[in-house]
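# Structural overview
Single-letter residue listing:
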Amino acid sequence: MEPLVIESLSKDYDGFRALDSLSLKVEAKSCTGFLGPNGAGKTTTIKILTSMLRATGGRAFLNGVDVTTDPKEALARVGAVVETPEFYPELTPIETLDYFARLRGIPSDRAKSRVMQVIDQVKMGEWKDQRIGKFSKGMKQRIAIAQALLHEPDLLVLDEPTAGLDPRGMAEVRDIIKALRLQGYTVFMSSHLLFEVQQLCDKVAVVDKGKLLIYDTVQNLSTKRHVLKLEVDLVGKIDTETYTKVCALDKVNGVQCPTATKMLIDFDGDTADRRTLLESLQRLGLQVYSFADAGVALEEFYMDLIKESR
Amino acid sequence: MAVTNAETGKYVLPSDFDQIITVTRVEFLRNLRRKRLLIFAIIIALVSALVLAVPPFFGGYPSDPILGPYSFAQNFTSTINFLIILLAVFYGGDALVSEFSNKTGYAIFPNPIRRSSLFMGKLFSSLLACVLVLGAYYIIIAASMIAVYGTLVIELLYSFLFAVLYMSACLGVAFAISALMKSTVSALVLTFVLFLFVLSMLSGILMFAKVRAEPLLTFQAGVISSFLNGPYPGFFPPPEQSYNVTRFDFVVYNPTVMNGIIVCTVWLVVSLLLAYVVFRRREMLG
Ligand SMILES: Nc1ncnc2c1ncn2[C@@H]1O[C@H](COP(=O)(O)OP(=O)(O)O)[C@@H](O)[C@H]1O
Ligand SMILES: [Mg+2]
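Here's what I pulled together on the structure shown here. (Residues numbered from 1 in each chain as written. Chains lettered and ligands numbered in written order. Predicted model: local features only at pLDDT ≥ 70, side-chain atom pairs only at ≥ 80, totals over all residues. Heavy atoms only, no water.)

Mapped onto the elements, K11 of chain A comes out in strand β1 (residues 4–13). There is a polar contact of 2.8 Å between the side chain of K11 of chain A and the backbone oxygen of R54 of chain A. Contacts of K11 of chain A, omitting those with residues within four sequence positions, involve F16, R17, A18, L19, T44, I48, L53, R54, A55 and T56 of chain A together with E283 of chain B. (Helix = DSSP H or I, 4+ residues; strand = E, 2+ residues; numbered from the N terminus. Polar contact = N/O pair within 3.5 Å; in protein donor to acceptor, adjacent residues only side chain to side chain. Contact = heavy atoms within 4.5 Å.)

The next subject is helix α4 (residues 108–121) of chain A. Residue and element names in this part refer to chain A. The end-to-end C-alpha distance of α4, which contains 14 residues, comes to 20 Å, matching closely the 20 Å that a straight helix rising 1.5 Å per residue would cover. Within α4, burial applies to A111, R114, V115, V118 and I119. Around the axis of α4, the buried residues are gathered within 140° of arc, so they sit on the same side. Away from its buried face by more than 90 degrees, α4 exposes D109 and K112. In the core, the buried residues of α4 are packed alongside α3 (93–103) and α5 (137–149). Two residues or fewer after α4 comes K123, characterised by a positive phi angle close to 55°. (Expected span 1.5 Å × (residues − 1). Buried < 20%, exposed > 50% of the residue type's maximum accessible area, 1.4 Å probe, protein only. Arc of directions from axis to C-beta.)

Right, let's talk about the interface of chain B and chain A for a bit. Opposite the 42 residues of chain B that make contact, chain A presents 37 residues. Of the roughly 3,700 Å² buried where chain B meets chain A, counting both sides, 57% is carbon and sulfur surface. Area buried by chain B at its contact with chain A is led by Y11, R33 and Y106 of chain B, which between them contribute 19% of it. Linking chain B with chain A are 5 salt bridges. Among the salt bridges present, the one from E90 of chain A reaches R30 of chain B, with a minimum N-O distance of 2.8 Å. (Buried area = accessible area lost by both parts, 1.4 Å probe. Salt bridge = Lys/Arg side-chain N within 4 Å of Asp/Glu carboxyl O.)

So, about the pairing of strand β12 (residues 252–259) of chain A. Relative to strand β13 (residues 262–267) of chain A, β12 of chain A is paired through 5 bridges, and the arrangement is antiparallel. Bridge pairing in β13 of chain A places V252 of chain A opposite F267 of chain A. (Pairing = 2+ DSSP bridges.)

Residues and elements named next belong to chain A. Taken in spatial order, the 4 strands make up an open sheet running β12-β13-β11-β14, and their pairing is antiparallel. A single partner strand is all that each edge strand has here, and the edge strands are β12 and β14 (287–293). Recorded for the sheet is a direction-independent mean angle of 25° between the axes of neighbouring strands. Both strand β11 (residues 228–235) and β13 contribute to a ladder of 6 bridges, which runs antiparallel. Counterpart to L228 in the pairing with β13 is F267. Against the sheet, helix α9 (residues 240–248) touches β12 and β13, its axis set at about 145° to β12. (Axes fitted to C-alpha atoms, helices over the stretch in contact; angles between N-to-C directions.)

This brings us to the packing of aromatic side chains. Residues and elements named next belong to chain B. Tallied over the full model, the rule gives 22 aromatic pairs over all chains. A ring pair is formed by F72 and F76, whose centres lie 5.5 Å apart and whose planes are at 70°; its orientation type is edge-to-face. Placement of both F72 and F76 in helix α3 (residues 68–77) is noted, with a separation of 4 residues, approximately one turn of the helix. For the ring pair Y232 and F236, a centre distance of 5.6 Å and an interplane angle of 85° mean the geometry is edge-to-face. (Phe/Tyr/Trp six-rings, centres within 6.5 Å; stacked < 30°, edge-to-face > 60°.)

All names here are of chain B. Relative to the helices and strands, Y253 resides in strand β2 (residues 248–253). Along the backbone, Y253 and A53 are 200 residues apart, and their C-alpha atoms lie at a distance of 32 Å. One polar contact links the side chain of Y253 to the main-chain carbonyl oxygen of K210, over a distance of 2.9 Å.

The following block contains the structure:
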């Protein structure tokens, strides 16, 4: 059974359709990126999953329980971070986490050590007995992550976990997520940053205007989708004749030359084709000293996807 | 009680009742931390000191052998409506709205807990704090009465019990406003204005127009001090008293115990139901 199953979920805000019959299944032990530009409907989806919004239509199952009808049971083994939550300013991190531990049924003797454990995990040990009222946004975000991990949930739902943090905070949160993946957590995280999803996730669901546009592995997106862009650096300049020959090579869709010693090749083949291409280039007399994935193709693909849905 | 599920090894969720207790405790701790209890303790201490300190300068405490202790206690209850309204405003006004306007709901709502349990926990914690303050005030009254007259009258207990009922109704109204409003400040201000101006002013206007303000909650507050008019029921003020002062006659309406209980209970039930339904359905927007 998948830890998260979304079935044609819809949400209207006063007649505006923010979520349009979205369906998605998240596999156990995967890290699924929920990618989309601002206003795509990511937070709306996650708020429905965490019983903050009522769906206009559809259902969502968390560990097999429909959250739209039985939120208490459905959320039992889920940890969530939505937006940047605030905590009761008059309590300390220890008291706050102890409160959540009690609500989730962790017995008090175990809760004590577990609370300390997650506080260390998010590096808040130094602040554990200070009132949260004076904490910065980044510190609150760490407490938010700590409370999501407290009960070792089967599913982690994170809404733009790095949004609003400074670069170091972002890197730290990404490291925490990477570590969680290694520990075997199932993670469902939204983001508007493609590279973040590429870096952290193995699957990606692209959403825009409340609709699911594509759902695949990150790997497949760049290979199967024929969207590889190769960056080729040469010793010596390329001439028009060679350029025409390169364009005519097998599985080459287009060639741009930003400078006379650099080619960007739109390539539509697998790794074996790629090897053949390199040999062909050398056979043409080109002195290739660098031949690599330009890494921009997925970005273009993503932009195209979103443009089409607009 | 099993702590973990034998099959899955995962923690077993506490019952709704256990969660309500947990919420009540934490909300009460928050109340302590926010120093509101301390401020109310100071308020009742100051008011008590004033009520006790002033009479000796103007001929001493009431000396009537029977009615003395009653009017002594009644001096304490002359400001009690204001105290109760303050309690309702500060323990009810922001209780629910703050989860939405202060964004703390983003942390609380994803927990496996029913909104109804959160609601009950918050309500119990606020009630507890209010009853503590009110109880402390009545204990001061009782202790002073024993110290000055060497006696205690049962009507003080009646007065206290009615005060608790009236206060609960006021708290219910504050909760309803808190569930409905968008911001914490507007909830506090609206609750305050509603009780102190709207309801009180309406009572005054209606009295002037010779209409009994029976359905108004604040009208019923009078029962609290009416109990201390003298031995109950003989001295309890009549529902209506007519006065004629030089060509100008007017009527004073006094609340009655029975109607007081009914009206307060209706306000309590209706406002809490409204607060509950709105809070349960309210979405975490923005
Ligand atoms: N409370 C609201 N009232 C009206 N429209 C809203 C509200 N919240 C979000 N929206 C709209 O719904 C759409 C999706 O928003 P959201 O789920 O927050 O997007 P994302 O998290 O992907 O940036 C947006 O167009 C947004 O303007
Ligand atoms: Mg968002």
